[in-house]
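Descriptive structure summary
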Amino acid sequence: MTREVIGLPSAESLRHPNQPPLLYQMDRSWIANVYAGPQWLGDYPPLPKNKDYSFLGKRIISPIECAAGPAGGRKWTAFALRMGFGIVNQKTMRTIAWEANQLPNITLVEETDLVDEQNMPDHLLGSFDLKDAGRYLNMGNSFGNPSFPVIDWTNDFRQQLKDVGDGQILAMSVTPSIRDNPLCKELFGRDSEVDLAIEAANDLVHGAVAAAVAGATMEEMNVSCNNVVQHPQEGQMYMNAPLVGYAVRSFKEISPGVDIGIKCGPFRSADQTTRTIDACQGELNFISLINTFPARVVNPEGVAVMPGREQIGFSGPAIQDVALRNVEWAAKARDSLGISLGIKGGGGVNTPEDVDRFINAGADVVFVANRFLRDPLFAYEYYLYKH
């Protein structure tokens, strides 16, 4: 529970009585949500005056990060910055324009026991009824990492940087793309798994360099997305430690002054976590754990809620134990390798107490996405909770 702080408004007083349950309009396309911006009817909180936290040597006003969420663009990042998040991550983009998956892209998901790789229900019940938002705290999504053309999103990012306040960081997220006609096939007549993997890694580096040229000082390579299924080295690159290491090191050769991190899904073991970090040979500045968990979400008739997508990205309180375990593994890897490594932790964060759980597990910063869509005042609530 948050506490009242003398001289500061309560979080509840900032909410409008008619505030929609979600900032994102589930019945509208991704692009429509980008242009519409967040559905927020309330007021904005006062920003903390002190920079009480730090990440990678930079002082920030809050240890809460707004993750690379479902929409993106200046309306969304400016909104999150005004809400007092210490770090805001611009929505994942690509080197080429990419269409979003067809509607629907977000669903509420029923409550369930804590899940992991060995304890995952065959299916979960999804709902598009906003009346269920109060009791269905988990969510599912399937966007497919849509993207504007690189010239458009880099120009937009330059404008977004103008909204960053003192003690805040605007980061950029990029992901790899393999074209319909891969370059390795067009030039050499080859499209083996190895050829495509290298092409994906090089494309990821190109996207990251484009973001750096646009002014990004912190970037996140999104190497894990359950909704990108065209090629495993796009959506599941984090499972290939040498390939991740190659991408990170290649980027650092070009942009040594930019902090680079990787966004990963759940690892299978502590050893796998260590191998992935070690493959970067000291060039990795931070790791972000975890991305969504794969799940089959259906309607009451047993049909997948998102047509043609038997599995979608699953997030919410049910994945918190998996996320905490992965953060602990990363912290142990940092210690065993004797390196300096920032850790962003998230997955199932729903209360201020959850933030502290991740920090105690080894996270330096705690990110939210699901919670942000439901409660954009979360960073402010954590401030009140700690004061």
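My aim in this report is to walk through the structure given alongside it, one point at a time. Owing to the predicted nature of the structure, the values given are computational and were not obtained by experimental measurement. The numbers attached to residues start from 1 for each chain and follow its sequence in the written order. Restriction of local features to residues with pLDDT of at least 70 applies here, the model being predicted, together with a cutoff of 80 or more for giving and counting side-chain atom pairs; totals for whole chains, interfaces and linings are based on all residues. By convention in this description, side-chain values take in all heavy atoms of the structure and omit both hydrogens and water.

1. Quick word on empty space enclosed by the protein
Residues are said to line a cavity or pocket when one of their atoms sits within 4 Å of a point; the points come from a 1 Å grid over protein atoms alone, cavities being sets where a 1.4 Å probe fits but cannot get out and pockets being open sets with protein on both sides within 12 Å along at least five of seven lines. Grid points are joined across faces, edges and corners, and a volume is the space filled by probe spheres set on the points. According to the stated counting rule, one finds three cavities of 30 Å³ or more in the structure shown. Its boundaries defined by the atoms lining it, the largest cavity holds a volume of some 570 Å³. Ala-68, Asn-141, Asn-291, Thr-292 and Ala-369 are the residues nearest the centre of the largest cavity, which is lined by 39 residues in total.

2. Quick word on unusual backbone geometry
Cis geometry marks the peptide bond from Leu-103 to Pro-104; its omega dihedral reads -5°. Helical segments are the DSSP runs of H or I of at least four residues, strand segments are the runs of E of at least two, and each set is numbered from the N terminus. Among the structural elements, Pro-104 can be located in the loop between β4 (87-93) and β5 (106-109). Going from Leu-289 to Ile-290, the amide bond is cis rather than trans, its omega being 0°. Take Ile-290: it is sitting in the loop between β11 (286-289) and β12 (293-295). Within the chain, Asn-145 stands out as a residue other than glycine whose phi angle is a positive 50°. Note that Asn-145 resides in the loop between β7 (138-141) and α4 (150-160).

3. Some remarks on the pairing of strand β14 (residues 312-315)
Strand pairing requires that DSSP identify at least two bridges connecting the strands. Bridge count for β7 against β14 is three bridges, and the pairing is antiparallel. From the neighbouring strand, Gly-140 faces β14, where its bridge partner is Phe-314. The pairing of β12 with β14 spans three bridges and is antiparallel. Across the sheet, residue Phe-293 finds its bridge partner in β14, namely Phe-314.

4. Re the pattern of salt bridges
Close approach of charged atoms allows side chains with opposite charge to pair. Salt bridges, as used here, are contacts in which a Lys or Arg side-chain nitrogen is within 4 Å of a carboxyl oxygen on Asp or Glu. Taken as a whole and assessed by the stated rule, the structure comprises 16 salt bridges. Notably, a salt bridge pairs Asp-122 with Arg-296, separated by 3.9 Å at the nearest N-O pair. With Asp-122 in the loop between β5 and β6 (124-127) and Arg-296 in the loop between β12 and β13 (297-298), the pair connects residues that are 174 residues apart, well separated along the chain. A 1.4 Å probe rolled over the protein chains alone gives each residue an accessible area, and that area as a share of the maximum for its type sets the label: buried under 20%, exposed over 50%, partly exposed in between. Judged by its relative accessible area of 59%, Asp-122 is exposed. The class for Arg-296 is partly exposed, based on a relative accessible area of 26%. In this structure, Glu-220 engages Lys-344 in a salt bridge whose closest nitrogen and oxygen atoms are separated by 3.9 Å.

5. So, helix α3 (residues 74-82)
Every buried residue of α3 is listed here: Trp-76, Thr-77, Ala-78, Phe-79, Ala-80 and Leu-81. Looking at the packing, one finds that the buried side of α3 touches α2 (30-36), β3 (64-66), β4, α4, β8 (169-174) and α12 (370-374). At the C-terminal side of α3, Gly-84 shows a positive phi close to 95°. In this description, contact between two residues means that some pair of their heavy atoms is separated by no more than 4.5 Å.

6. Some remarks on the sheet that holds β8
Around the barrel, eight strands lie side by side as β3-β4-β8-β9-β10-β11-β15-β16; this closed barrel has parallel pairing. When the angles between neighbouring strand axes are averaged without regard to direction, this sheet yields 25°. The sheet contact formed by strand β9 (residues 218-222) and strand β10 (residues 259-264) spans five bridges and is parallel. Among the inter-strand pairings, Met-221 is bridged to a residue of β10, identified as Ile-262. Helix axes are fitted only over the stretch in contact, all axes being lines through C-alpha atoms; the angle between N-to-C directions runs from 0 to 180 degrees. Contacting β3, β4 and β8, α3 runs over the sheet at an angle of about 165° to β4.

7. Things to note about the sheet that holds β12
Taken in spatial order, the six strands line up as β12-β14-β7-β5-β6-β13 in an open sheet, and their pairing is mixed. Every interior strand has two partners, whereas the edge strands, β12 and β13, have only one. Two strands pair when backbone bridges link them, and β5 and β6 are joined in this way by two bridges, in the antiparallel orientation. Bridge assignment links Leu-108 to a residue of β6, and that residue is Ser-127.

8. Some thoughts on a nonpolar patch on the surface
On the surface, a nonpolar cluster with roughly 340 Å² of combined accessible area is contributed by Leu-183, Leu-187 and Phe-188. Here Leu-187 shows up in helix α5 (residues 183-188). Only residues above 30% relative accessible area that lack a salt bridge enter a patch, with like-charged residues linked at up to 9 Å and the nonpolar side chains Val, Leu, Ile, Met, Phe, Trp and Tyr linked at up to 5 Å. Using the Shrake-Rupley algorithm and a 1.4 Å probe, accessible areas are obtained, with residue cover drawn only from the displayed protein chains.

In short, shape yes, function no, at least from these values alone.
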